[in-house]
Amino acid sequence: MNNLSNLTIIIVTYKTDIDILKNCINSIDQNIKIKIIENSNQKEFFNSTFDENEKLSITYTGKNLGYGAGNNYGFDLVDTDYAIVANPDIVFHKTFFENIKKYLDTDLDFTIIGSTYENKTPFSSFGLFKENEKKIYKKDISSKSGKLFNFLVKADWVTGCMMLVNLKKFNTKKIFDELFFLYFEEFDLCKSIEIKKDNVFCAKDLLIKHLGFKGSIGSNPQNKLESEMLREWHWMWSTFYFYKKNYGYFYALKKTLGKLLRAFFKFIFYTITLNIKMRNKYRCRFFGLLNSMLGKSSWY
């Protein structure tokens, strides 16, 4: 049996650029089921582009659920033991699916495996939480039978643009905290896995290209300002909520109070100097953080 048949890829979209999504789908092995979860009710958006079949399906949620809830929606439709959460603005390397086969062995004890960026980027695809930065994990990773996995690195967190999820490790399909709308969902999930002392790895041989910020309407220049405002608002909201949930309210306040004050004064400054773009940026940062501090939902 081809173990790729036990794998489903979930791609959450929101009016994503068709060419970007095509590049992603064309890089996926043909033996793998793909579930596109479109976070809108615009059923005509993909109809003329993709032919649905036994391997590819498109589901419309009816509204923008965000990253976490959109992927949870997809998990609920999955009947395989493993699922890949994939942003639509990634391209899988030609060796990706051949290399992933060895990780779909039930003898390997993992909950999540992340990928490695093929293209140059200032961001890391994995890391440690701040409180664990001095921790040294053992380098040799093996399965229960003793088989070595030389390309795996033990990590606290991996980025959410590509995550291989072992669904057998969960007793629910609501894997992500749906109170997050955008940002920090994967860090929160990885934190919960760390608390349970389960395994998160990064695979050095699961290579992807990641465009970044091209997965939804942000790829359209006409929506650039709107998407930037949305990102600023949710980045700050999610920052506080992540700290509050995992470390406590006063720790979150300590970590973010300076950001709140800086955002407020910069908002005032750019309002006075009539710099509309920067005013909108810091207005969104200020009110996103303030709403989270006040316990309001991630509504923007």
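Refer to the structure above for everything that follows.
Now for a look at the structure at hand. (Residues numbered from 1 in each chain as written. Predicted model: local features only at pLDDT ≥ 70, side-chain atom pairs only at ≥ 80, totals over all residues. Heavy atoms only, no water.)

Thoughts on the layout of surface pockets
Move 1: Roughly 300 Å³ of internal volume is contained in the second largest pocket.
Move 2: Considering the residues around the second largest pocket, the lining is formed by 13 residues, among which L128, F129, K130, F242 and Y243 are closest to the centre.
Move 3: Of all the secondary-structure elements, those providing two or more residues to the lining of the second largest pocket are α6 (224-247) and α7 (249-272).
Move 4: A total of three residues in the lining of the second largest pocket trace back to one element, the largest contributor, which is α6.
Move 5: For the lining of the second largest pocket, the residue count by class is nine nonpolar, no polar and four charged. (1 Å grid on protein atoms, 1.4 Å probe; cavity = no way out; pocket = protein on both sides within 12 Å on 5 of 7 lines; lining within 4 Å. Points joined across faces, edges and corners; volume = space filled by probe spheres on them. Helix = DSSP H or I, 4+ residues; strand = E, 2+ residues; numbered from the N terminus. Nonpolar A, V, L, I, M, F, W, Y, C, P; charged D, E, K, R; others polar.)

Thoughts on the pairing of strand β1 (residues 7-13)
On a regular strand, one side chain projects to one face of the sheet and the next to the other, so that they alternate.
Move 1: The buried fraction of β1 amounts to seven of the seven residues, a majority that puts the element mostly inside the structure.
Move 2: Side chains L7, I9, I11 and T13 of β1 all project onto a buried face; the interleaved residues T8, I10 and V12 project onto the opposite face, where all are buried too.
Move 3: Two strands pair when backbone bridges link them, and β1 and strand β4 (residues 82-86) are joined in this way by five bridges, in the parallel orientation. Along β4, the bridge assignment pairs L7 with Y82.
Move 4: Pairing of β1 with strand β2 (residues 33-38) involves six bridges; the strand directions are parallel. (Buried < 20%, exposed > 50% of the residue type's maximum accessible area, 1.4 Å probe, protein only. Pairing = 2+ DSSP bridges.)

Observations concerning a nonpolar patch on the surface
Move 1: A cluster of nonpolar side chains, contributed by L257, L261, F264, F265, I268 and I272, occupies part of the molecular surface with about 570 Å² of accessible area.
Move 2: Among the structural elements, I268 can be located in helix α7.
Move 3: Judged by relative accessible area, which is 33%, I268 ranks as partly exposed. (Patch = residues over 30% accessible without salt bridge, like charges linked within 9 Å, V, L, I, M, F, W, Y side chains within 5 Å. Areas by Shrake-Rupley, 256 points an atom, 1.4 Å probe, with all protein chains shown as cover. Salt bridge = Lys/Arg side-chain N within 4 Å of Asp/Glu carboxyl O.)

Thoughts on the pattern of salt bridges
Move 1: Scanning all chains against the criterion turns up 11 salt bridges.
Move 2: Salt-bridge contacts for D79 lead to K33; the nearest nitrogen and oxygen are separated by 3.2 Å. In this pair, D79 sits in the loop between α3 (66-75) and β4 while K33 sits in strand β2, placing the two residues 46 residues apart along the sequence.
Move 3: One salt bridge in this structure joins K191 and E131, with 2.5 Å as the shortest N-O distance. Of this pair, K191 sits in helix α5 (residues 185-195) while E131 sits in the loop between β7 (126-127) and β8 (152-155), and the two are 60 residues apart along the sequence.
Move 4: Of the residues examined, K191 reaches a relative accessible area of 6% and is grouped as buried.
Move 5: Because the salt bridges share partners, they merge into one network encompassing E131, K191 and E194.

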